[in-house]
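# Notes for the structure review
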Amino acid sequence: MMSKTIKHHLTDDLLMAYAAGSLPEAFDLMVATHLSLCDDCRARAESFDAVGGHVLEDQNQPVGMNEDSLAATMALIAQGASTPKPARPGCPVLPSPLQDYVGGGVEDIRWKPIGMGVKQAILPTTREATARLLFIPAGAAVPDHGHHGIELTMVLQGAFSDEVDHFARGDVEIADEDLKHTPVADISEDCICLAVTDAPLKFTKLIPRLLQPFLRI
Amino acid sequence: MFTEIDTVTLDEPAAELVARLPWRAKKRIKDKPVSGTKNSCDTKTEWVDHVRRIRDAQDQTAFAELFQHFAPRIKAFLMKSGSDATMAEECAQEVMATLWHKAHLFDPTRAAVATWVFTIARNKRIDVLRKQRRPEPEDLWWGPEAEPEQDNVIVLQQETAQLRTALSALPEAQRELIEKAYFGDLSHREIASQTGLPLGTIKSRIRLALDRLRHAMN
């Protein structure tokens, strides 16, 4: 499943925030999905975990546990481990964190058309940020848009190009308020992406902007 | 990194387990003091052995020692993250129980025990205090048939100890900010200014460990 040719990675601030546990759920999903494909970023993320280990261990004032605490914990242990997640069959497109949100593999995604052959599926996360899967037919473009907040887009299948660069499986494009771009899918294959935003996108053409409240993008 | 995956059966007699997995008994480590670094021999490789004793022999003495060291730190961590004492006590117990159940998933070539405990405590905090799911990357583990080389374990534990020394040498104000970040008190944007940490060496070690693991998995 690991992709060997990733050239667009996650930034240290995202990886540290993921390790610290302070990202909105949609961003956690993006990071977990990328780390499933990218061992370079996984190693960086786990070194930020190591910093957390030291913060935990070097606190100058540990708080005493209750007197019967160890016995209570042994009783918890005796109840057995929580039921493990059922193993999902491998999916060539969706890494396991995404399969958990889709409830299956790529064929189980419940797409909704948003025009010009482009489809999306919003994933169930907390509302501070939005995660959605995007389907862009081979050769098609996503409407020209800018962003209020930060938008991360990661390719899961196929590839796309925009004013910045070319992005293939595992690559993440990080777009902020200064970037207006028009991603165009490669002609060879339909493109599927995971896109995460912490604010609604703003479209620069009139009609998409009018539709935006209905599309929730 | 250490998410839900099927757990070992716990009521299996230890002797049977060792008989079935002879290389584990053979590879049991002695707590070698690691050279050069302060703090390294008192807490580091020693805890690795504790986790192995729990995994291989359901060793309650080893667990009690880990509990005594880590549970009060988990409780303090959760209280600093906004939990009250009752909830922090309960969650610390659950984190320690998880440690027992997932001992077979701990990879000492990629993490110190404190790192691993932190990740479990952090996920508990996200679950209980923020009430949100925590997506984790696909599991990578050695499986029941393989075990990492002891040399690689020692090197990673040494690197972790050196990271600790490097962090404690940072200016006080920066250390306080890092603590705030990990107690959940900084937003992602505030964290963005805090990322110049001395992680180069440990990151390379973990990267190598992932390569070895990928190789073993294929």
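Residues numbered from 1 in each chain as written. Chains lettered and ligands numbered in written order. Predicted model: local features only at pLDDT ≥ 70, side-chain atom pairs only at ≥ 80, totals over all residues. Heavy atoms only, no water.

An unreviewed UniProt entry lists chain B under the name Sigma-70 family RNA polymerase sigma factor, from Ruegeria haliotis. Among the UniProt annotations of chain B, the heading Sequence similarities (unreviewed entry) holds the following wording: "Belongs to the sigma-70 factor family. ECF subfamily." (UniProt positions renumbered as here; feature names shortened; annotations may be inferred.)

### Some points on the overall build of chain B
Of regular secondary structure, chain B possesses ten helices and zero strands. Listing each helix as α and each strand as β along chain B from the N terminus yields α-α-α-α-α-α-α-α-α-α. Long-range contacts, defined as pairs at least 24 residues apart, comprise 73% of the intrachain contacts of chain B with a sequence gap of at least 6. For chain B, the accessible area works out to roughly 9600 Å², and carbon and sulfur atoms hold 51% of it. (Helix = DSSP H or I, 4+ residues; strand = E, 2+ residues; numbered from the N terminus. Contact = heavy atoms within 4.5 Å. Areas by Shrake-Rupley, 256 points an atom, 1.4 Å probe, with all protein chains shown as cover.)

### What to know about helix α4 (residues 60-80) of chain B
Look at α4(B): 29 Å from first C-alpha to last across 21 residues, which is about the 30 Å you get at 1.5 Å a residue. Approximately 35 degrees is the largest bend angle found in α4(B), and it occurs at Phe67(B). (Expected span 1.5 Å × (residues − 1). Bend = angle between axes of the 7 residues up to and from the residue.)

### Things to note about the interface of chain B and chain A
The interface of chain B with chain A comprises 73 residues on the first partner and 66 residues on the second. The junction of chain B with chain A conceals about 6400 Å² of combined surface from both sides, 62% of it contributed by carbon and sulfur atoms. Interface area lost by chain B to chain A is led by Glu138(B), Tyr182(B) and His188(B), which between them contribute 12%. Linking chain B with chain A are eight salt bridges, by the criterion used here. Between Arg110(B) and Glu46(A) there is a salt bridge whose closest N-O contact spans 2.8 Å. Between chain B and chain A we count 29 residue pairs in polar contact (both at pLDDT 80 or more) in total. Elements represented by at least two residues in the side of chain B that touches chain A include exactly α3 (40-57), α4, α5 (85-101), α6 (113-128), α7 (150-168), α8 (172-182), α9 (188-191) and α10 (200-217) of chain B. By residue number, the principal contributor to the side of chain B that touches chain A is α4(B), which donates 15 residues. (Buried area = accessible area lost by both parts, 1.4 Å probe. Salt bridge = Lys/Arg side-chain N within 4 Å of Asp/Glu carboxyl O. Polar contact = N/O pair within 3.5 Å; in protein donor to acceptor, adjacent residues only side chain to side chain.)

### Some words on the packing of aromatic side chains
What the rule picks out here adds up to nine aromatic pairs over all chains. The interplanar angle of 35 degrees and the centroid separation of 5.0 Å between the aromatic rings of Phe106(B) and Trp116(B) together place this pair among those described as tilted. With Phe106(B) in the loop between α5 and α6 and Trp116(B) in helix α6, the pair connects residues that are ten residues apart, well separated along the chain. The pair formed by Phe106(B) and Trp116(B) is uniform in burial state, with each residue classed as buried. A connected cluster of aromatic rings, assembled from ring pairs, spans Phe77(B), Phe118(B), Tyr182(B) and Phe183(B). Between Lys119(A) and the ring centre of Phe135(A), over which it is positioned, the NZ or CZ distance is 4.3 Å. For the cation-ring pair, Arg134(B) lies above Tyr18(A), with the distance from its terminal atom to the ring centre recorded as 3.7 Å. (Phe/Tyr/Trp six-rings, centres within 6.5 Å; stacked < 30°, edge-to-face > 60°. Buried < 20%, exposed > 50% of the residue type's maximum accessible area, 1.4 Å probe, protein only. Lys NZ or Arg CZ within 6 Å of the ring centre and 35° of its normal.)

### What about the nonpolar core?
Residues Phe70(B), Ile74(B) and Tyr182(B) are the most contacted members of the largest nonpolar core, which totals 102 residues. For this core, the element with the most residues is α4(B), which contributes nine residues. Non-local contacts of Tyr182(B), meaning those with residues more than four positions away in its chain, are made with Met16(A), Ala19(A), Ala20(A), Phe48(A), Val51(A), Gly52(A), Val55(A), Phe77(B), Phe118(B) and Arg125(B). Judged by nonpolar contacts, the second largest core, of twelve residues, contains Ile136(A), Val155(A), Ala185(A) and Ala195(A). (Core = buried A, V, L, I, M, F, W, Y, C linked by side-chain atoms within 4.5 Å.)

### Some words on the side chain of Arg125(B)
When you line up the elements, Arg125(B) lands in helix α6. Of the side chains with opposite charge, Asp185(B) comes closest to the buried, unpaired Arg125(B), at an N-O distance of 7.6 Å. With near-sequence residues (within four places) excluded, Arg125(B) lies in contact with Ala20(A), Gly21(A), Phe77(B), Leu78(B), Ser81(B), Arg130(B), Tyr182(B), Phe183(B) and Gly184(B). (Lys, Arg positive; Asp, Glu negative; His and termini not counted.)

### Observations regarding empty space enclosed by the protein
Left-over empty space is what a probe sized like a water molecule reveals as it rolls over the atoms. Tallying each qualifying case throughout the model produces five cavities of 30 Å³ or more. The element contributing the most residues to the lining of the largest cavity is α3(B), with three residues. (1 Å grid on protein atoms, 1.4 Å probe; cavity = no way out; pocket = protein on both sides within 12 Å on 5 of 7 lines; lining within 4 Å. Points joined across faces, edges and corners; volume = space filled by probe spheres on them.)

### Considering the environment of Pro62(A)
Take Pro62(A): it is sitting in the loop between α3 (39-57) and α4 (69-78). Residue class for Pro62(A) comes out partly exposed when judged on its relative accessible area of 36%.

### Concerning the pairing of strand β2 (residues 118-122) of chain A
Residue and element names in this part refer to chain A. Pairing geometry for strand β1 (residues 112-115) and β2, over three bridges, is antiparallel. Within β2, the residue paired with glycine 115 across the bridge is valine 118. Between β1 and β2, which follow one another and run antiparallel, lie two residues, and methionine 116 among them has a positive phi close to 55 degrees. Direction of pairing for β2 relative to strand β3 (residues 130-136): antiparallel, over a ladder of four bridges. Note that in β3 the partner of glutamine 120 across the bridge is leucine 134. (Pairing = 2+ DSSP bridges.)

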